[in-house]
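The lines below spell out each chain.
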Amino acid sequence: MTKSGSLYIERDSVFHQMDGSIKLLMLVGWTAFVFAFMDIRIFAAILVLGLIMLKVSKLPNKAIWPFFVFIIVFTIFNSAFLVAVTPAYGSKLTGTYTELFTLFGVYTVTFETIFYCITLTLKYICILPITILFVFTTHPSSFAGSINRLGISYKVAYAVSIALRYIPDVKAEVDHIIAAQEARGVAFKKGDAGAFVRLKNYGNVMIPLLMSSFSRIESVSNAMDLRGFGKGKKRTWYHRKPLSTMDFIFAVLSVAALLAGIGIKAGVGAVFWYPF
């Protein structure tokens, strides 16, 4: 979190110098290309490319790895749900049936389904590097203007910008609420109470968090109304610079990836690759 209250991290890299609209176009093209496949080989190559781009961006590991942990945990739960609901889904796609183990004597999980879950997990993780680049390397002052440059309404652009700016505020508010509750003797740490009690206490944080969030939203909305936000159909931007040669190169690559993704998806579809 920076002094401006955003996720932006100041560094001297090619991605920090790029226009935000081009990075958003990269995100769209990258996502479309990833979703055109269901091939773990392609996902591995894309993920390596994404990690190289993160390295070039010079973003600190401690800032980006929590997002990887979050998406990995999310995909594990997603895969567990998939296995619980359709334990032989992978076998339906491949036409082969390799029994791996049986759950509760009822569900027989196949190796093909586990391989499908691993492929799906890698697919979601592939989108994370370009998302991190877009969020962490785009200055908050030019964020909304960059989105608006692609033809998106400035009202929508501002809503996205404010939502991203509010993430660090939510985290800080949660810390304040937990500190206040701990001062009143409510247990949140391991050893102070059992896991169920601590989980219940964390659930009780939601109500004051929602109340403070609604109050902040009302304050921001009133401030924007007082400044006449939304009166005109268009608006000018203080932070907007001409596109550079590098911007045009990445724009062309992004459009090519977007068209390739749409073409492959419409042509052969996302065919699940299974080597065994």
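Basis of the calculations
- Residues numbered from 1 in each chain as written.
- Predicted model: local features only at pLDDT ≥ 70, side-chain atom pairs only at ≥ 80, totals over all residues.
- Heavy atoms only, no water.
- pLDDT = per-residue confidence, 0-100.
- Helix = DSSP H or I, 4+ residues; strand = E, 2+ residues; numbered from the N terminus.
- UniProt positions renumbered as here; feature names shortened; annotations may be inferred.
- Patch = residues over 30% accessible without salt bridge, like charges linked within 9 Å, V, L, I, M, F, W, Y side chains within 5 Å.
- Areas by Shrake-Rupley, 256 points an atom, 1.4 Å probe, with all protein chains shown as cover.
- Salt bridge = Lys/Arg side-chain N within 4 Å of Asp/Glu carboxyl O.
- Axes fitted to C-alpha atoms, helices over the stretch in contact; angles between N-to-C directions.
- Parallel < 35°, antiparallel > 145°, perpendicular 65-115°, else oblique.
- Left-handed = near helix turned anticlockwise from the far one by under 90°.
- Contact = heavy atoms within 4.5 Å.
- Nonpolar A, V, L, I, M, F, W, Y, C, P; charged D, E, K, R; others polar.
- Domains from an automatic or database assignment.
- Buried area = accessible area lost by both parts, 1.4 Å probe.
- Polar contact = N/O pair within 3.5 Å; in protein donor to acceptor, adjacent residues only side chain to side chain.
- Pairing = 2+ DSSP bridges.

**Things to note about the confidence of the model for the protein**
With 97% of its residues at a pLDDT of 70 or more, the protein shows a mean pLDDT of 83. At the level of individual helices and strands, the protein shows its lowest average pLDDT in helix α7 (residues 140–149), which scores 77, and its highest in helix α3 (residues 40–57), which scores 92.

**Here we look at the UniProt feature "transmembrane region" (unreviewed entry) in the protein**
Summarizing the sequence annotation, UniProt attributes the feature "transmembrane region" (unreviewed entry) to residues 27–52, 64–85 and 248–274 in the numbering used throughout. A distance of 16 Å separates the end C-alpha atoms of residues 27–52, which is 81% helix and 0% strand. The distance separating the terminal C-alpha atoms of residues 64–85 is 32 Å; by composition the span is 100% helix and 0% strand.

**Here's the deal with a nonpolar patch on the surface**
Taken together, Met 206, Ile 207, Leu 210, Met 211, Phe 214 and Ile 217 make up a surface patch of nonpolar side chains, about 640 Å² in accessible area. With respect to the secondary-structure elements, Leu 210 resides in helix α10 (residues 206–226).

**Let's talk about the packing of helix α8 (residues 154–183) against α10**
Axis separation between α8 and α10 bottoms out at 11 Å; the angle between their running directions is 140°. Here α10 runs oblique to α8, going by the angle between their axes. The two elements α8 and α10 cross, and the hand of that crossing is right-handed. On α10, the residues touching Tyr 158, Ile 162, Tyr 166, Asp 169, Val 170, Glu 173, Val 174 and Ile 177 of α8 are Pro 208, Leu 209, Ser 212, Ser 213, Arg 216, Val 220 and Met 224. Broken down by class, the residue content of the contact of α8 with α10 amounts to ten nonpolar, two polar and three charged.

**So, the domain arrangement of the protein**
Domain boundaries in the protein define domain 1 (14–138 + 241–268) and domain 2 (145–227). The C-alpha-based centres of domain 1 and domain 2 are spaced at 27 Å. With ten residues of domain 1 at the contact, the number on the domain 2 side is six residues. Buried area between domain 1 and domain 2, summed over both chains or domains, comes out near 590 Å², and the portion from carbon and sulfur atoms is 70%. Between domain 1 and domain 2 we count one salt bridge in total. As a salt-bridge pair, Asp 19 and Arg 149 come within 2.7 Å of each other at their nearest N and O atoms. Run the count over domain 1 and domain 2 and you get one residue pair in polar contact (both at pLDDT 80 or more). Elements with a minimum of two residues in the side of domain 1 that touches domain 2: α2 (20–34) and α6 (111–137). For the side of domain 1 that touches domain 2, the element with the highest residue contribution is α2, accounting for four residues. Looking at the side of domain 1 that touches domain 2, its residues break down into six nonpolar, two polar and two charged.

**What to know about the pairing of strand β2 (residues 107–110)**
Across four bridges, the pairing between strand β1 (residues 99–103) and β2 is antiparallel. Within β2, the position partnered with Phe 101 by the bridge is Val 109. Here β1 folds back onto β2, and the loop between the two strands holds three residues, one of which, Phe 104, carries a positive phi near 55°.

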